[in-house]
Each structure stands twice: as structure tokens, then as C-alpha cells.
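Given next are the chains, with one letter for each unit.
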Amino acid sequence: VILNRYSKIRYKKQFEGDIRKVSLAGEAWFDVARDSLRPFVIDAGRATVEVLGTSFNVNAYEENPIVEITVESGVVAVRAKEDLEEQLILRAGNSGTYNPNSHKLQLQTAYNPNNLSWKTRELFFEDSPLQEVADLIGKVYNVSIQIPQEDLASCPITVSFSDQSLEAVLNVLELTLDLEITRSGELIT
């Protein structure tokens, strides 16, 4: 398990019976050893995620309106806590969401590599608005990025970063878009 910042996982010292169960608040990437006799179950607040053996990401921050699961390998079943009969089966390359407000499970067949960027520090953007780029960079590097001009925030950019430092990422954006970037602690403008 790799936990993202502001995340917590709880589990007993010894799994009991025929189930391996943990509770997650926040976001974590899991690589679960296969054990067909003892499924691995994650209590993700409003949703339950069950696997036999796979690697996947669960985004279940309390403040997020949805629970999002991205499967890297294997197969995962997602269920709403209030309706354990209905489930969504996710395979490698799929993402799925559970929206507790509408009580809907939804399959996302298009793989978004940025779902794991907090762990991999690999970011990919294709004709993405600069505001979207800034928001993800802020999440990955734990900074706040403000873009004061609306026309600049909507400016599209195609760029990718592979395990770069925050300074290197900002330098590329600054040179590519002819920007002036200022930094004051954790606030970047």
C-alpha cells in the first residue's frame, strides 16, 4: 500500500476468518497478493472495493463528491455500501466511480494515466487548459497554484513530465508559455 498525503488506512494486526479487510480515508494505491480463498476488501467510506489479487488505486477523500477506482492489473469489484447487490466489475485499464448523491456506479473505459500521478509523478496533458494542468500539479506537489488571468487559465497546452521536480515543471511551463511565475511559500502565481 502506498498512501497519498492526508490519507489513513486502518486494519487489525491479524486478518480474521476468510476476509482481509482494511478501512481507507483518502487515497491509496494497492498491490494485493492473490488469495482466492480470502478476498481483500477495502471499506472506502461510501463504497466497498473487493479484490482477489491486483494492483489499483482508490480515491476516497471525504471532501470528494465521488469515490474513484483505477485498476492497473487484475479485476476489482466495486459496490455501494447501501446496495451491496449491485456491483461494478473493473478490469486492467478501467476506472470506475461511485457517486453517493445519485447512488450510481459508473464505468470509465478510457484510461487516465493522471489518476496515478500523485504516486508516479508522471503527468500527461494534451490540449489541456492551463488551469487543469495547474490543478493537477498542485495536487501532485502539494502546492497552491493561482492563475490570475482567465484567458491564460483557458490556454491549451500539450506537455508531459516524468518524475520531474516542481522547479523543473514550473520552468518548462514558464519557458513554453512565456510566463512570469512567482512563488511565496506554498503559493505559486
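Quick note: structure is the one above.
This is a predicted model, so every value here is computed, not measured. (Residues numbered from 1 in each chain as written. Predicted model: local features only at pLDDT ≥ 70, side-chain atom pairs only at ≥ 80, totals over all residues. Heavy atoms only, no water.)

**Q** With reference to specific residues and values, describe the environment of S128.
**A** Structurally, the position occupied by S128 is in strand β12 (residues 122-129). Along the backbone, S128 and S154 are 26 residues apart, and their C-alpha atoms lie at a distance of 8.3 Å. Residues contacting S128, with those up to four places away along its chain left out, are V133, C155, P156 and I157. (Helix = DSSP H or I, 4+ residues; strand = E, 2+ residues; numbered from the N terminus. Contact = heavy atoms within 4.5 Å.)

**Q** Before we move on, could you go through unusual backbone geometry and cite the residues and values that matter?
**A** With a phi close to 60°, Y6 is a non-glycine residue in the positive phi region. With respect to the secondary-structure elements, Y6 resides in the loop between β1 (2-3) and β2 (8-10). Since its relative accessible area comes to 65%, Y6 is described here as exposed. Of note, the phi angle at H103 is positive, near 60°, even though the residue is not glycine. Within the element layout of this structure, H103 appears in the loop between β10 (95-99) and β11 (104-108). (Buried < 20%, exposed > 50% of the residue type's maximum accessible area, 1.4 Å probe, protein only.)

**Q** Could you give an account of the pattern of salt bridges, naming the residues involved and the relevant values?
**A** A complete count under the given rule lists six salt bridges for this structure. Across the pair D43 and K81 runs a salt bridge whose closest N-O atoms are separated by 2.6 Å. Here the residue D43 occupies a position in strand β4 (residues 40-43), and K81 occupies one in the loop between β8 (75-80) and β9 (83-91), the gap between them amounting to 38 residues. By relative accessible area, K81 is classed as partly exposed at 37%. Here R183 makes a salt bridge to E167, at a shortest N to O gap of 2.9 Å. Remark: E167 occurs in helix α4 (residues 166-177) and R183 occurs in strand β15 (residues 183-184); sequence separation between them is 16 residues. Here R183 falls in the partly exposed class, since its relative accessible area comes to 41%. Exposure remark for E167: the relative accessible area of 48% places this residue in the partly exposed category. (Salt bridge = Lys/Arg side-chain N within 4 Å of Asp/Glu carboxyl O.)

It is worth stressing that arrangement in space is one thing and function is another; only the former is reported here.
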